Amino acid sequence: MVGKITVITGPMYSGKTTELLSFVEIYNIGKKKTIVFKPSIDNRYGTDTVSTHTGFQVKAIRISKSKEILDYLKDGIDAVFVDEIQFLDVELVDIVKKLVFDGIDVYCAGLDISYLENPFETTSKLLAIADEVIKKKAVCEKCGEHRATYSYKIVPNGGEIDVGGKDKYIAVCRECLKKLKTE
Ligand code: ADP
Ligand code: TMP
Ligand code: MG
Ligand code: ZN
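Residues numbered from 1 in each chain as written. Chains lettered and ligands numbered in written order. Predicted model: local features only at pLDDT ≥ 70, side-chain atom pairs only at ≥ 80, totals over all residues. Heavy atoms only, no water.

Trainee: So what's going on with the site of ligand 1? Which residues, and what values?
Mentor: Taken together, the neighbourhood of ligand 1 is formed by 15 residues, with Lys16, Thr17, Thr18, His53 and Lys166 sitting nearest. Within the contact set of ligand 1, an oxygen atom lies 3.0 Å away from a backbone nitrogen or oxygen of Gly15. One of the backbone nitrogen or oxygen atoms of Val139 is found 2.8 Å away from a nitrogen atom of ligand 1. Here the shell around ligand 1 is composed, by residue class, of five nonpolar, seven polar and three charged. (Near = heavy atom within 4 Å. Polar contact = N/O pair within 3.5 Å; in protein donor to acceptor, adjacent residues only side chain to side chain. Nonpolar A, V, L, I, M, F, W, Y, C, P; charged D, E, K, R; others polar.)

Trainee: Give a detailed account of the pattern of salt bridges, specifying residues and quantitative values.
Mentor: Pairing is possible between side chains that carry opposite charge, provided their charged atoms lie close to one another. Under the criterion given, the structure shown has 10 salt bridges. Here Lys97 ties to Asp94 by a salt bridge, and the two come within 3.9 Å at their closest N and O atoms. In this pair, Lys97 and Asp94 are both assigned in helix α2 (residues 91–101), three residues apart and thus about one turn of the helix distant. Residue Lys153 pairs with Asp162 through a salt bridge whose shortest N-O separation is 2.8 Å. Given a relative accessible area of 8%, Lys153 falls into the buried group. (Salt bridge = Lys/Arg side-chain N within 4 Å of Asp/Glu carboxyl O. Helix = DSSP H or I, 4+ residues; strand = E, 2+ residues; numbered from the N terminus. Buried < 20%, exposed > 50% of the residue type's maximum accessible area, 1.4 Å probe, protein only.)

Trainee: Outline helix α1 (residues 16–29), listing residues and values.
Mentor: For α1, which comprises 14 residues, the first-to-last C-alpha distance of 20 Å matches the rise-based estimate of 20 Å (1.5 Å per residue) to within 8%. Looking one or two places after α1, you find Lys31, whose phi comes out positive at around 60°. (Expected span 1.5 Å × (residues − 1).)

Trainee: Describe the nonpolar core, and please don't skip the residues or the numbers.
Mentor: Counting 22 residues, the largest nonpolar core has Ile69, Val80 and Leu126 as the members making the most contacts within it. Of all the elements, α2 adds the most residues to this core, at six residues. Once you skip the residues sitting within four places of it in the chain, Val80 turns out to touch Ile35, Phe37, Leu73, Leu99, Ile104, Asp105, Val106 and Tyr107. Formed by 17 residues, the second largest nonpolar core is a distinct cluster that contains Phe120, Ala138, Tyr169 and Ile170. (Core = buried A, V, L, I, M, F, W, Y, C linked by side-chain atoms within 4.5 Å. Contact = heavy atoms within 4.5 Å.)

In structure tokens, the structure reads:
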């Protein structure tokens, strides 16, 4: 038996983590064995959990390198979940491939592009090999339409990797991004 690869992507606040955790629940209800990982760089809302912006949390193992996932895999794991994949190294792609050939389902969630609109490499590569891609949209915080595909940085400081929430980023649609760029 082989597993399947599902990638959940989109801008900030689009519900990626919510959707990832809803899949965790589905497996848990079915008495399947699950394991959740997140990169240690993401320290928002507590260190040993994956958290949504609404505060829903699930226990998670923090890793700093993708290959650490292999250290935690015991026999009998049915599904592996990884949040914030944009922060993990590209070796995650080879690990995901190995897991599915070992019969494990893999669910990954993360940003497709940075606020500079550059694709995140690990997300891009996983999207390319996914069996299912779930592309989420957020509510545009300028016009209120449910069509935001961009994460816009509202503070000038910080780099392309800069952990934060509403203090730093808002979700906007392309129309509103265009306006913001010409303001
Ligand atoms: P993600 O992981 O994609 O950043 P989460 O699943 O953590 O998203 O959070 C989604 C939740 O964020 C929504 O259910 C909603 O309560 C909240 N939220 C805050 N701002 C927005 C927005 N602009 N659009 C949609 N949801 C938002
Ligand atoms: P979220 O998708 O669950 O909201 O989390 C995205 C995280 O990524 C959050 O900590 C902010 C961070 N981030 C960056 O580091 N660079 C970026 O360009 C963007 C848009 C977000
Ligand atoms: Mg999230
Ligand atoms: Zn808009």
